[in-house]
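# Commentary on secondary and tertiary structure
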Amino acid sequence: MAQGKRNRLSTGQRIEMWRRWKAGESLHDIGRAFGKGHGSIRFLLTQRGGIVPPARRRSPRTLTLAEREDISRGIASGLSIREIASGLQRPVSTVSREVARHGGRPLYRASEADRQAWESALRPKVCLLANHEELRTIVASKLILDWSPEQISKWLKVSYPNNESMRVSHETIYRSLFIQAAEC
């Protein structure tokens, strides 16, 4: 087995791995079927406690691919966002946010928007403060001075009015504090 290179199992392979596990195949047999060591298979199974994860599915409230295609056709035919929303029987704000989130009127493509929405729905998300060192340092320095998360959030908006990356909501700060407290 090659060292260093990580070939992850595709979604189909994971489904097959779980099917084989439920059928009672050994870790060695499952590993051989996918060209993996039995330790890799055991790691994947133990991440879920040996219990098959539920299949990912979309919420009934999210836009479907068919609705996104209707939005794309409406944009192409020059309809307003309000007209498109009315035809879909969706709030105007839903359609407006969808179009803005995926490139605006000139760049909106239904299949790409649907793919991005499916990927962005993955959980858990990495915390904003975990990825942005400068922002994390500023927030931590204000917390040391006994500033509240609300004060920090508002101060960042005033101090960095043209830099969206230097903003964080007070909820995110509270969530970060909660996670840190839970890990202690």
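Since we're looking at a predicted model, the values are computed, not measured.

## Digging into the overall build of the protein chain
Within the protein chain, the secondary structure is distributed over 12 helices and 0 strands. Going residue by residue from the N terminus, the α and β elements of the protein chain occur as α-α-α-α-α-α-α-α-α-α-α-α. Computed over its C-alpha atoms, the radius of gyration of the protein chain comes to 23 Å, more than 25% above the 16 Å expected for a compact globule of 184 residues. Based on the C-alpha atoms only, the size of the protein chain along its principal axes is roughly 60 × 55 × 30 Å. The buried share of the protein chain, reckoned over its 184 residues, is 26%. Looking at the protein chain as shown, the accessible area adds up to about 13,100 Å², and 54% of this sits on carbon and sulfur atoms.

## Notes on the packing of aromatic side chains
Evaluated as defined, the whole model comprises 2 aromatic pairs. What links up through ring pairs into an aromatic cluster is the set W147, W155 and Y160. The positively charged end of K142 is found above the aromatic ring belonging to W147, 4.3 Å away from the centroid. Over the face of the ring belonging to W155 we find K142, whose NZ or CZ atom lies 4.2 Å from the ring centre.

## Notes on the nonpolar core
Counting residues in each nonpolar core, the largest one holds 11 residues, listed as L63, I71, I75, I81, I84, A85, L88, V95, V99, Y108 and A113. Elements that contribute at least two residues to this core include exactly α4 (65-76), α5 (81-88) and α6 (92-101). Here this core gets 4 residues from one element, more than from any other, and that element is α5.

## What about the pattern of salt bridges?
Applying the stated rule across the entire model yields 13 salt bridges. Ionic pairing is found between E25 and R20, a salt bridge with its closest N-O pair at 3.1 Å. By relative accessible area, E25 is classed as partly exposed at 25%. Where R32 meets D29, a salt bridge forms, and the shortest distance between an N and an O atom there is 2.9 Å. Of this pair, R32 and D29 both sit in helix α2 (residues 27-34), separated by 3 residues, roughly a single helical turn. Among the residues examined, D29 registers a relative accessible area of 36% and is labelled partly exposed. Through salt bridges with shared partners, one network takes in R58, R68, E98, R101 and D114.

## Looking at helix α1 (residues 11-22)
Over its 12 residues, α1 extends 17 Å from the first C-alpha to the last, a length consistent with the 16 Å expected when each residue adds 1.5 Å. All of the buried residues in α1 are M17, W18 and R20. Projected down its long axis, α1 carries its buried residues within an arc of 160 degrees, all on one side. Facing away from the buried side of α1 by over 90 degrees, the exposed positions are T11, I15 and K22.

## Regarding unusual backbone geometry
The residue Q89 is not glycine, and still its phi comes out positive at about 55 degrees. Here Q89 lies in the loop between α5 and α6. Located in the positive-phi region is D146, a residue other than glycine, with phi close to 65 degrees. Here D146 is to be found in the loop between α10 (133-144) and α11 (149-159). Note on D146: relative accessible area 70%, which makes it exposed.

## Notes on helix α8 (residues 110-120)
Among the residues of α8, A110, A113, D114 and A117 are the ones counted as buried. In a view along the axis of α8, the buried residues occupy a sector of 100 degrees, so they form one face of it. Here the buried face of α8 lies against α4 and α6.

Quick notes on the rules
- Residues numbered from 1 in each chain as written.
- Predicted model: local features only at pLDDT ≥ 70, side-chain atom pairs only at ≥ 80, totals over all residues.
- Heavy atoms only, no water.
- Helix = DSSP H or I, 4+ residues; strand = E, 2+ residues; numbered from the N terminus.
- Rg over C-alpha atoms; globule rule 2.2 N^0.38 Å.
- Buried < 20%, exposed > 50% of the residue type's maximum accessible area, 1.4 Å probe, protein only.
- Areas by Shrake-Rupley, 256 points an atom, 1.4 Å probe, with all protein chains shown as cover.
- Phe/Tyr/Trp six-rings, centres within 6.5 Å; stacked < 30°, edge-to-face > 60°.
- Lys NZ or Arg CZ within 6 Å of the ring centre and 35° of its normal.
- Core = buried A, V, L, I, M, F, W, Y, C linked by side-chain atoms within 4.5 Å.
- Salt bridge = Lys/Arg side-chain N within 4 Å of Asp/Glu carboxyl O.
- Expected span 1.5 Å × (residues − 1).
- Arc of directions from axis to C-beta.
- Contact = heavy atoms within 4.5 Å.

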